[in-house]
Structures are given as C-alpha cells and as structure tokens.
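The primary structure of each chain is shown beneath.
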Amino acid sequence: MVMRRRTRVVIVGAGFAGLAAARTLAKAGALVTLVDHNPYSTFQPLLYQVATAGMSMSDVSYPVRTYAAKWPNVRARRGALSTVLPEKRRVELDDGSTLDYDFLVLATGVTTNWYDVPGAPENAQPLYSLEDAAALRRRLQHCLEDAVAGRRDSVHVVVVGGGSTGVEIAGTLAELRRRTLPLTHPEIRPDQTSVTLVERFDFVLAPYKPRLRNAAAAALRKRGVRLRLGATVASVEPDAVGIVDGTHVPSDVTVWALGVTAPAYVAEWGLPQTKGGRIRVTEALNVPKHPEIFVAGDLAGPPEQLPQLAQPAIQMGEHVGKQILAAAQGLPLRPFSYRDPGIMATVGRAEAVLQLSNGLTMRGWPAWLVWIFIHVAYLLGGRNRITVLVNFFWRYAGPRHAATSISQ
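Analysis parameters
Residues numbered from 1 in each chain as written. Predicted model: local features only at pLDDT ≥ 70, side-chain atom pairs only at ≥ 80, totals over all residues. Heavy atoms only, no water. Helix = DSSP H or I, 4+ residues; strand = E, 2+ residues; numbered from the N terminus. Rg over C-alpha atoms; globule rule 2.2 N^0.38 Å. Areas by Shrake-Rupley, 256 points an atom, 1.4 Å probe, with all protein chains shown as cover. Lys, Arg positive; Asp, Glu negative; His and termini not counted. Charge placed at Lys NZ, Arg CZ, Asp CG, Glu CD. Buried < 20%, exposed > 50% of the residue type's maximum accessible area, 1.4 Å probe, protein only. Pairing = 2+ DSSP bridges. Axes fitted to C-alpha atoms, helices over the stretch in contact; angles between N-to-C directions. Core = buried A, V, L, I, M, F, W, Y, C linked by side-chain atoms within 4.5 Å. Contact = heavy atoms within 4.5 Å. Expected span 1.5 Å × (residues − 1). Arc of directions from axis to C-beta. Patch = residues over 30% accessible without salt bridge, like charges linked within 9 Å, V, L, I, M, F, W, Y side chains within 5 Å. Salt bridge = Lys/Arg side-chain N within 4 Å of Asp/Glu carboxyl O. Right-handed = clockwise from strand over helix to strand, strands pointing away.

*Asks:* Let's hear about the overall build of the protein chain: which residues, and what values?
*Replies:* A count of helices and strands for the protein chain gives 10 helices and 26 strands. Taken over C-alpha atoms, the radius of gyration comes to 22 Å for the protein chain, in line with the 22 Å a tight globule of 408 residues would show. By its C-alpha atoms, the protein chain is 70 × 45 × 45 Å across when sized along the principal axes. Counting only carbon and sulfur atoms, one obtains 53% of the accessible surface of the protein chain, whose full area is about 17,900 Å². Averaged over its 45 positive side-chain charges, the protein chain has a centre that lies 8 Å from the centre of its 33 negative ones.

*Asks:* Quick one: what's the story with unusual backbone geometry, residue by residue and with numbers?
*Replies:* One non-glycine residue, Leu 205, lies in positive phi territory at about 55 degrees. Its place among the elements puts Leu 205 in the loop between strand S13 (193-199) and helix H7 (210-222). Although it is not a glycine, Leu 285 adopts a positive phi angle of roughly 75 degrees. Looking at where Leu 285 falls in the secondary structure, it is placed in the loop between strand S20 (279-280) and strand S21 (286-287). Accessibility expressed as a relative area gives 0% for Leu 285, which makes it buried.

*Asks:* Describe the sheet that holds strand S17 (residues 248-250), listing the residues and the values that go with them.
*Replies:* Strands pair in a sheet through their backbones, by hydrogen bonds, and they do so in one of two ways: parallel or antiparallel. The three strands lie next to each other as S15-S16-S17, forming an open sheet whose pairing is antiparallel. Of all strands in the sheet, those with a lone pairing partner are strand S15 (233-237) and S17, marking the two edges. Strand-to-strand, the axes of this sheet are offset by a mean angle of 20 degrees, without reference to chain direction. Two strands pair when backbone bridges link them, and S15 and strand S16 (residues 240-243) are joined in this way by four bridges, in the antiparallel orientation. Bridge pairing links Ser 235 to Gly 242 in S16.

*Asks:* Just give me the short version of the nonpolar core, but keep the residues and values in it.
*Replies:* As a rule of thumb, nonpolar side chains are buried together in soluble globular proteins. Counting 116 residues, the largest nonpolar core has Ile 11, Leu 46, Leu 104, Leu 106, Ile 169, Trp 269 and Ile 279 as its most contacted members. Ignoring anything within four residues of it in the chain, the contact list for Leu 46 reads Met 55, Val 60, Trp 371, His 375, Val 388 and Phe 392.

*Asks:* So what about the sheet that holds strand S14 (residues 226-229)? Which residues, and what values?
*Replies:* An order of S11-S18-S12-S13-S14 is seen for the five strands of this open sheet, with the pairing classed as parallel. Of all the strands in the sheet, just strand S11 (124-126) and S14 have a single pairing partner and so form its edges. The average angle at which neighbouring strand axes cross in this sheet is 25 degrees, direction not considered. In this sheet, S13 lies alongside strand S12 (residues 155-160) in parallel orientation, the contact comprising six bridges. In the sheet register, Val 160 faces S13, and the bridge partner there is Val 198.

*Asks:* So what's going on with helix H9 (residues 365-378)? Which residues, and what values?
*Replies:* Between its first and last C-alpha, H9 extends 20 Å over 14 residues, near the 20 Å set by a 1.5 Å rise per residue. Restricting attention to buried positions, one finds in H9 the residues Ala 367, Trp 368, Trp 371, Ile 372, His 375 and Val 376. Seen along its axis, H9 keeps its buried residues to an arc of 165 degrees; they face one direction.

*Asks:* I'd love a proper account of a nonpolar patch on the surface, names of residues and values included.
*Replies:* A contiguous nonpolar surface patch, about 340 Å² in accessible area, is contributed by Ile 386, Val 390 and Trp 394. Mapping Val 390 onto the fold places it in helix H10 (residues 382-397).

*Asks:* Please give an account of the pairing of S14 that cites residues and values.
*Replies:* Here S13 pairs with S14 via four bridges, running parallel. Counterpart to Val 198 in the pairing with S14 is Arg 228. In this region the chain leaves S13, passes through H7 and returns to the parallel neighbour S14; the handedness of that crossover is right-handed.

This is the structure we're talking about:
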C-alpha cells in the first residue's frame, strides 16, 4: 500500500511490536519517529542466556538508530514518554521535548509483576530487561566467588514461576551446576549448590499439553532441578522463599519469573485501562474515543486476551501499521486476528518442547534444533545471528573443559 501523503507517525517502544509497526509504515513512505528510552532493542527470549553467561549483552541487543537507518523516512529518538495530549495530537517526553503526530503507536511493553508478595521487589531478581539479566549474572558471579572464598556457605538458587522463562533458566542453571561448576569452581561442594523451581500449579508450562508438561518436568528433574509444584509463594526473604504452607526454601539467589503488568506511569497518560493496567483497545487495536492512537504488544488490552509472546507482538505491530495506512486514506479499519504459529520452550541441552496450533507436538533433540533456528532467525542483524548460533552450539556441543562459566 502506498501513502497518498506523508503521514507523521510516532511509535513509542522499540520492541517486537514497535519495530514491526515501523517496518510496515516505513515501506509505505510514512514519516516515522521511533522513540525508546534505551538506545537499543532487546531480544527478550534469550535474556536467560545473558544471565547465565551463555551470551553477551550485545548478542541480544540491536541499536535502534541502526534499525532506523534502513529507511530515509524513519528517525530514532531516545527518550521516555511522559504525557499524551490527544487533543493536540502531541506527546511530551521526559526531557521536556514534544513530538506532533497524525497517528500514535504505543508499544512500550510491560514490566515485572510482583503480585504484592512481601519482600519480592527487595529480595528477588527479575528477568525482563537487559539490565535485569546483567544484574542477575553479577549476583550469581558474586555468590559463587563468595562461596569459593568461604564468605558464604551455599549458592542455592530458587526460580519462582514455571512458565517458559522459569523453565528455561532453571534448566540452564542446573546444567551449569552439574557440568561446569565442578571444573570452574572445584572448591564448592555439590551439596552447597542447588536449583529449585517453585510453581503454584501442579505442573510446569501451563499452556502446553499434559504430555509436554510432563516431559519438561522430567527433563528438569533429570538435570537435578528440585520441583516444588502446587506451591504458592507467600514471601521472599534475603535467604529463603516462604511458601503458603509455612515451609521455607533456602535461597541465596531468587529469580522472579512469575508474570508481568503495565508500569504504574501508564495511568498518567489518561487512556482507558483494563486488566493488568493494559490500555483498553478496540478489535482494530486503537483506543476508544481516540482512534488515531493505536496500542500494540503486551501493553495492549484487546477484547480477546493474547499470549505475551513475540509472535502476537509482531503480528499486532504489523496490523497496526496496516490500519494506520488504511486510515490515512480514509479506508475502514479491520479487526486484528491472531495467527497462532504454536509455542515452544527449551529445557536445556538437546531438550525442548514444541506445540503447534494444529495440535502437533514435538520434544527432545528435534524440537531443540527447531527452537534454536527459529530464535536465531528472529534476531536483528547478521552478526547477532552468527554469534548467537555459534554460542549455542559451543555452549551445548563443545568440549566440556571449554564450557561457559557463569563467572566469566
């Protein structure tokens, strides 16, 4: 679709949804300003690899300005959204500057949901941003070195949440504990370390079929992960995770992989909100009473709840871009329809589970290879794809003495 005139579009958020919308609009000739508080876009599905030293921060990030430079009609701007002024079709950024628009796309994403659990924000490590992954990695590094020096007695890790993120980081940490630590930290005894996964359901990976749930749980146990299923977290303390049944799980490092919610500042924008603080949108993904404002990705609250994954965000971003192009030409908007390609999660080396929308399932080595190549394909930049692919196979198929150390 070709634009009849140069329409100004401001996109706030350079995640999966924001970049997809920018690409769709840029190809049609719209004047796009891409705003993000970070100078880079983060590939969130691989953050657990950064946290466990399998990849560097640069492997899973891509400069926003480099992305914008692909099109002469796209500009990048670093800043955070402060105020939305729909009547003036203007936004204010945190530095006091303003941007005028014909259409606005909000795709800032969400943040960690602590579920009002006492002590969780203070004592648990989230894993939602690049900064979170780096902080968790440093925390693990310090604990291991303290254990070697005798400044602490143990390095017990508790992962809260049995979704994809929780399962993936628990499996990776367990493999590091068994495969790498005996070589890199021989001073630490096996009984001084452990990995425990706490999940309130009686199973992990809730969206998956029972067969895949059981396979993932068995794979975690095989790797030495202690599963506390059917256990709801009551509190997070500096050295333990409290369970509602009164028991406590010792924890030197608590990883919070439980859920997300809209940031508190979204309420200041004056737009209607729905469950989890997300912005309420129509079936076409624009805001009621403000049809020129669209919302895409995890921040959107459409009538039908969508999974908080990369694919829905990408498809929503592309849809929003197409609807803006249609609206600019006076054409009617179309409702968003999600095309479910399936879901997948990895448990560790040569083990993953995959469930397609047609009911087909796969597990083990074949699913693991599919998981790797699909994730590599979605990375931005050829260099990132090559380095991530090499790192994957070096970490999991390379010689044991060359295994990645979390303290590197």
